[in-house]
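The residues making up each chain are set out below.
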Amino acid sequence: MSVNKLRGNTQRTRTEEESVRPRFRLSLDWDSIFSSPKSTLAWGIFFLLSGIILEISFISYIVTGLADQSIVDTLGQESIRDAGRQTRNFLGVLGATFSHIFVYRWFGVGALLLPFVPILAGWKIAFGKELLPLTRATQEVIFYTLWVSLLMGYIVLMSNTENTMSFASGGFGYMVNVWLFDWLKWGSIIPIFFALFVFAVYFYDAKTLIENWQRKPEKEEETVVEEPEIFNNQVNSDIPEVEMEVEKQPVKEPEYVSVVNDTYDDDVIIPPFVAEPEKEEKQQNGVHVLEVLNKDEFVKPNVILSPVVAPGAAVATDLELELEVSSETILPKEVREVVDDEDVNASILREFGQYDPMLDLPSYQFPTYNLLSDVIDNQHEKVTQEELESNKTKIVETLGSYGINISKIKATIGPTVTLYEIIPEAGVRISKIKNLEGDIALSLAALGIRIIAPMPGRGTIGIEVPNKNRETVFIRSVLMNERFQKSTYDLPIVLGKTISNEIHIADLAKMPHLLMAGATGQGKSVGLNVILASLIYKKHPAELKFVLVDPKKVELTLFNKLERHFLAKLPNADEAIITDTKKVIFTLNSLCIEMDSRYDLLKEASVRNLKEYNTKFAQRRLSPEKGHKFLPYIVLVIDELADLMMTAGKEVETPIARLAQLARAVGIHLVVATQRPSVKVITGLIKANFPARLSFRVTSSIDSRTILDMGGAEQLVGQGDMLLAINSEVIRLQCPFIDTREIEDVCEFIGGQRGYDEAYALPEYEGDESSESRSEVNTDDFDQLLPEAARLIITHQQGSTSLIQRKMKLGYNRAGRIMDQLELIGVVGPFTGSKARDVMFHDLSQLDDHMRSMGISG
């Protein structure tokens, strides 16, 4: 076989193989690239990310552009790696280069609009939806990019800031303005705004918009379109979203007509008129009626059409095309009821506006600041420079005598004390300075030295030294402060001035309860009056109510004149200020009932707190016919908790703890004060639910730890000097001073105005039957050892029958009868199984008072 023949066979074999084997060619099929779902998503994300990257680089250039400009200009002279390390643009050298071209050389800040084009295009390609019409948006972006560049060029040129603000206009805007300035000087702004006007007129077609707006009421009144050009396959343009397709055939009878409604997915085919009498009857009326329905929609448009006849056919009557669009919506019954309620509420809101509870007392005037004493502070300097230098020298010398060297010391003068912040040298232990508190007080001959080691968040050690000349903070100065005037807190209260002489304002609604303590005469009652005055000066009577409990009967009686404005009380109560212990118990339980009823209202309204509920009610989205009403804040103020705990014990502790746990969300807040912060008064159950605690001067560090969980309150100097512990932070404050006469003037000013018919009524509370039966107990049947057994139970704080049996050497039966009698008179609680009974009293004096009230002696 010859070589050529072999080559020919081999060539044919290869040709056959190539015809069978698939061919791999590199070709770009643009239709498949943009039609395939995968490639469409990929290209869309590419354009989307490109636009975002450009936008980020442009924004970064505006901040760091001047620093990157020299790097971009010398880009070819050094390596990319070195340039990338020096570039400050968020997207490195590439971002700096693109930004330099588009922002600096071309369009300035107007270039920030350009990335929106690839972003919109990418979104449309990737997800098949347009955020904005792409073509129209592109035209707008191009124009506004150029126009913003021109405007910024004018501003830069006129302000002579070419050296610092040239990036704002870009090269295009600046050069065009230089050319315009040569012709028009400052008047070059006129063609810039004229270009904007022309673009708005032609692009947004302002004339057509105005004409359409003027014709809109007339078009809404027209429901019949006369003489539509059906034979030319055209429909009047005033008919919205309906297309008519008519098939022309030489027939004598009406035909099928296909109606394409853009609102629906399916075409609707009109059936032929099936009965001749029906046809004649409808022709006499001049029209044929057809209802077009779509099973997927609730809206039923009624379309009335004329029959289609062949050209030249005789028509008995002139036919008209009439379009009716019904907006009737068929909804389930439950949904219809909700929609009806919302429609009614919306119509009421449009007619009357939002509900304003203050309109119940439209003539109410807030108390003026002229009612408060305008006392000028002491004219002499509070803390002299000599006093500061003397204290600094004594502190440094005292610490130096113990081998503690100070590297820096700073003084902050407050109204009551001066804070000296020291920074010891390295290697000094903080505890060593803390232990020298007494020695520093001795050297300064001052009372109430307090060392804060370390100062939170400062890295220093604070030494608080009382001032020789104390400053009195008056209530008028703090209430007239701008911070208090512009406060947006729900329940703003002024607590005093800090060491840095700043007004400290707190929101009682966020505290949400405040526990106060302090020895007699240290400013506790004045602090309560300041809190009440703060709320009265900021809140309307419709927004706030007080429940005032005053066991001492003299501290809060001045507020009695506010009964028809700010006070709340039980129904049929004689006085709004509660002084009787039994009425206190009823009031606390009544507040618990009020709390539960408010929670029911919040549940029905589907809201989480009182503020949301009142907002919804003010918008008239809650119907009063269903029991809803505007709910004011309620602040319970107890002036002396120790007396209540002594006389009532658990009957007071339980409702107070329950209110403290749950009442915050429904707008009930507690301010409780006591002069004896012992563990028997401030029990663990109460203390755990009062995160905000305020302490005036107390007698011992144990009391300070009881109220604040830390010492320091015993070191205060009295007369309004106090510590506020809130959110794990302790702040030293000087409480403002408000005089009795000022309180009287404020209360008389408010009480002399028109108020509500009566005080805000709390829910009625009925006492337990057991408490009523105790007053009818026959003491003659009691065991003679009952008083001794009662003292034994109180001493051991254990309500156990076996305790009486062992200690008093009695039989079980007699001990059991004595325990039942103790339950009957309220010394112990009911039987609880294997556990000991609850003891209702904490000390013997409390028990003796109760026994005398029951007529039991011994």
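Since this is a predicted model, take the numbers as computed values, not measurements.

Regarding the nonpolar core
Consideration 1: Of all hydrophobic cores here, the largest spans 111 residues; its most connected members are L495, L514 and F546.
Consideration 2: Here the element with the most residues in this core is helix α19 (residues 581-605); it accounts for nine residues.
Consideration 3: When neighbours within four sequence positions are excluded, F546 is seen to be in contact with L532, L535, I536, F566, L567, A568 and V635.
Consideration 4: Among the nonpolar cores identified, the runner-up in size contains 24 residues, and I794, L822, V828 and L847 belong to it.

Topic: the pattern of salt bridges
Consideration 1: Scanning all chains against the criterion turns up 23 salt bridges.
Consideration 2: Of the charged contacts, one joins R450 and E464 as a salt bridge, the two residues approaching to 2.9 Å between their closest N and O atoms. Residue R450 is found in strand β10 (residues 450-452), and its partner E464 is found in strand β11 (residues 461-466); the two are separated by 14 residues along the sequence.
Consideration 3: Overall, the relative accessible area of 8% leaves R450 in the buried class.

Describing the packing of aromatic side chains
Consideration 1: Tallying each qualifying case throughout the model produces 24 aromatic pairs.
Consideration 2: Between W43 and F46, the aromatic rings sit 5.9 Å apart at their centres with planes inclined by 85 degrees, giving edge-to-face as the arrangement. You can see W43 and its partner F46 sitting in helix α3 (residues 37-73), three residues apart, about one turn around the helix.
Consideration 3: Since its relative accessible area comes to 32%, W43 is described here as partly exposed.
Consideration 4: Note on F46: relative accessible area 47%, which makes it partly exposed.
Consideration 5: On the numbers, 5.2 Å between centres and 75 degrees between planes, the contact of F102 with W106 is edge-to-face. With F102 and W106 both in helix α5 (residues 92-107) and four residues apart, this pair spans about one turn of that helix.
Consideration 6: When the ring centre of F484 is taken as reference, the NZ or CZ atom of K538 above it lies at 5.5 Å.

With respect to helix α25 (residues 740-751)
Consideration 1: Spanning twelve residues, α25 covers 16 Å between terminal C-alpha atoms, matching the ideal 16 Å at 1.5 Å per step.
Consideration 2: For α25, the full list of buried residues reads E742, I743, V746, C747 and I750. Looking down the long axis of α25, one finds its buried residues gathered within 130 degrees of arc, a one-sided arrangement.
Consideration 3: The elements touched by buried residues of α25 are α16 (475-479) and α18 (524-538).

Section: helix α8 (residues 162-184)
A turn of α-helix holds 3.6 residues, and therefore any two residues three or four places apart point the same way.
Consideration 1: The terminal C-alpha atoms of α8 lie 19 Å apart, and with 23 residues this falls more than 12% below the ideal 33 Å at 1.5 Å per residue.
Consideration 2: Remark: the principal bend of α8, roughly 95 degrees, maps to G170.
Consideration 3: Every buried residue belonging to α8 is among F167, A168, S169, G170, G173, N177 and L180, and all of these are buried.
Consideration 4: Looking one or two residues beyond α8, the residue adopting positive phi is K185, at roughly 55 degrees.

Quick word on the packing of helix α6 (residues 116-127) against helix α7 (residues 134-158)
Consideration 1: One can describe the packing of α6 onto α7 by two numbers: an axis separation of 10 Å at closest approach and a directional angle of 170 degrees. Compared by their axis directions, α6 and α7 come out roughly antiparallel. In contact with V117, L120, A121 and K124 of α6, α7 contributes L134, A137, T138 and V141.
Consideration 2: Its residues assigned to classes, the contact of α6 with α7 comprises six nonpolar, one polar and one charged.

Side note on the packing of α5 against α8
If you want to describe how two helices pack, look at the angle between their axes and the distance between the axes.
Consideration 1: Axis separation between α5 and α8 bottoms out at 4 Å; the angle between their running directions is 70 degrees. The pairing of α5 with α8 is recorded here as roughly perpendicular in orientation. Contacts between α5 and α8 involve V103, Y104, R105, W106 and F107 from the first element and S166, F167, A168, S169, G170, G171, F172 and G173 from the second.

Remarks on a nonpolar patch on the surface
Consideration 1: The grouping of L41, I45, L49, I52, I53, I56, F90, L91, W123, F127, L131 and L132 at the surface amounts to a nonpolar patch, some 1,100 Å² of accessible area in total.
Consideration 2: Those elements giving two or more residues to the nonpolar patch turn out to be α3 and α6.
Consideration 3: If you tally residues by element for the nonpolar patch, the top one is α3, at six residues.
Consideration 4: Mapped onto the elements of the fold, F90 is located in the loop between α4 (80-86) and α5.

Describing the sheet that holds β11
Consideration 1: Strand order in the open sheet formed by four strands is β8-β9-β11-β10, and the pairing between neighbours is antiparallel. Two strands in the sheet have a free side with no partner beyond their single neighbour: β8 (406-413) and β10. Looking at each pair of strands side by side, their axes are set apart by 20 degrees on average, direction ignored.
Consideration 2: Here β8 runs beside strand β9 (residues 417-424); their pairing, made up of seven bridges, is antiparallel. Note that in β9 the partner of A411 across the bridge is Y420.
Consideration 3: This element, helix α13 (residues 385-401), spans β8, β9 and β11 of the sheet and lies at about 40 degrees to β9.

What about the layout of surface pockets?
Consideration 1: Taken as a whole, the second largest pocket encloses approximately 720 Å³ of empty space.
Consideration 2: Surrounding the second largest pocket, 27 residues form its lining, I452, M455, P456, E464 and V730 being those nearest its centre.
Consideration 3: Broken down by class, the residue content of the lining of the second largest pocket amounts to eleven nonpolar, seven polar and nine charged.

Some words on unusual backbone geometry
Consideration 1: Across the junction of A453 and P454, the peptide omega takes the value -5 degrees, indicating a cis bond.
Consideration 2: Among the secondary structure elements, P454 is positioned in the loop between β10 and β11.
Consideration 3: Residue P512 is bonded to the preceding M511 through a cis peptide linkage, with omega at 0 degrees.
Consideration 4: In this structure, K553 is a non-glycine residue whose phi angle is positive, near 70 degrees.
Consideration 5: For K553, the position within the fold is in the loop between β15 (544-549) and β16 (568-569).
Consideration 6: Classification of K553 as exposed rests on a relative accessible area of 51%.

Structural notes on the environment of Q798
Consideration 1: Along the polypeptide, Q798 turns up in the loop between α27 (786-796) and α28 (801-807).
Consideration 2: On the basis of relative accessibility, which here comes to 35%, the residue Q798 falls in the partly exposed class.
Consideration 3: Separated by 38 residues in sequence, Q798 and A836 place their C-alpha atoms 6.4 Å apart.
Consideration 4: Residues contacting Q798, with those up to four places away along its chain left out, are I793, L803, A836 and V839.

Things to note about the confidence of the model for the chain
Consideration 1: Of the residues in the chain, 73% reach a pLDDT of 70 or more, and the chain-wide mean stands at 77.
Consideration 2: When the elements of the chain are averaged for pLDDT, strand β1 (residues 224-225) gives the smallest value, 39, and strand β17 (residues 633-638) the largest, 96.
Consideration 3: Every residue in residues 321-331 scores below 50 in pLDDT, and together they form 33 contacts with partners more than four places removed in sequence or on other chains.

Things to note about the side chain of D507
Consideration 1: Turning to its location among the elements, D507 is positioned in strand β13 (residues 503-507).
Consideration 2: At 3.0 Å, the side chain of D507 forms a polar contact with the backbone nitrogen of L491.
Consideration 3: Excluding anything up to four places from it in sequence, D507 contacts Y489, D490, L491 and P492.

A few points about the environment of G170
Consideration 1: With respect to the element layout, G170 can be found in helix α8.
Consideration 2: Taking the C-alpha atoms as reference points, G170 and F102, 68 residues apart in sequence, are found 7.9 Å from one another.

Observations regarding the pairing of strand β18 (residues 668-674)
Consideration 1: Burial of β18 is extensive: seven of the seven residues sit out of reach of the surface.
Consideration 2: Burial along β18 is two-sided: I668, L670, V672 and T674 facing one way and H669, V671 and A673 facing the other are all buried.
Consideration 3: Bridging between strand β14 (residues 514-517) and β18 involves four bridges; their strand directions are parallel. Residue L514 lies in a different strand from β18, and its bridge partner there is V671.
Consideration 4: Note: β17 against β18, five bridges, orientation parallel.

Conventions used here
- Residues numbered from 1 in each chain as written.
- Predicted model: local features only at pLDDT ≥ 70, side-chain atom pairs only at ≥ 80, totals over all residues.
- Heavy atoms only, no water.
- Core = buried A, V, L, I, M, F, W, Y, C linked by side-chain atoms within 4.5 Å.
- Buried < 20%, exposed > 50% of the residue type's maximum accessible area, 1.4 Å probe, protein only.
- Helix = DSSP H or I, 4+ residues; strand = E, 2+ residues; numbered from the N terminus.
- Contact = heavy atoms within 4.5 Å.
- Salt bridge = Lys/Arg side-chain N within 4 Å of Asp/Glu carboxyl O.
- Phe/Tyr/Trp six-rings, centres within 6.5 Å; stacked < 30°, edge-to-face > 60°.
- Lys NZ or Arg CZ within 6 Å of the ring centre and 35° of its normal.
- Expected span 1.5 Å × (residues − 1).
- Arc of directions from axis to C-beta.
- Bend = angle between axes of the 7 residues up to and from the residue.
- Axes fitted to C-alpha atoms, helices over the stretch in contact; angles between N-to-C directions.
- Parallel < 35°, antiparallel > 145°, perpendicular 65-115°, else oblique.
- Nonpolar A, V, L, I, M, F, W, Y, C, P; charged D, E, K, R; others polar.
- Patch = residues over 30% accessible without salt bridge, like charges linked within 9 Å, V, L, I, M, F, W, Y side chains within 5 Å.
- Areas by Shrake-Rupley, 256 points an atom, 1.4 Å probe, with all protein chains shown as cover.
- Pairing = 2+ DSSP bridges.
- 1 Å grid on protein atoms, 1.4 Å probe; cavity = no way out; pocket = protein on both sides within 12 Å on 5 of 7 lines; lining within 4 Å.
- Points joined across faces, edges and corners; volume = space filled by probe spheres on them.
- pLDDT = per-residue confidence, 0-100.
- Polar contact = N/O pair within 3.5 Å; in protein donor to acceptor, adjacent residues only side chain to side chain.

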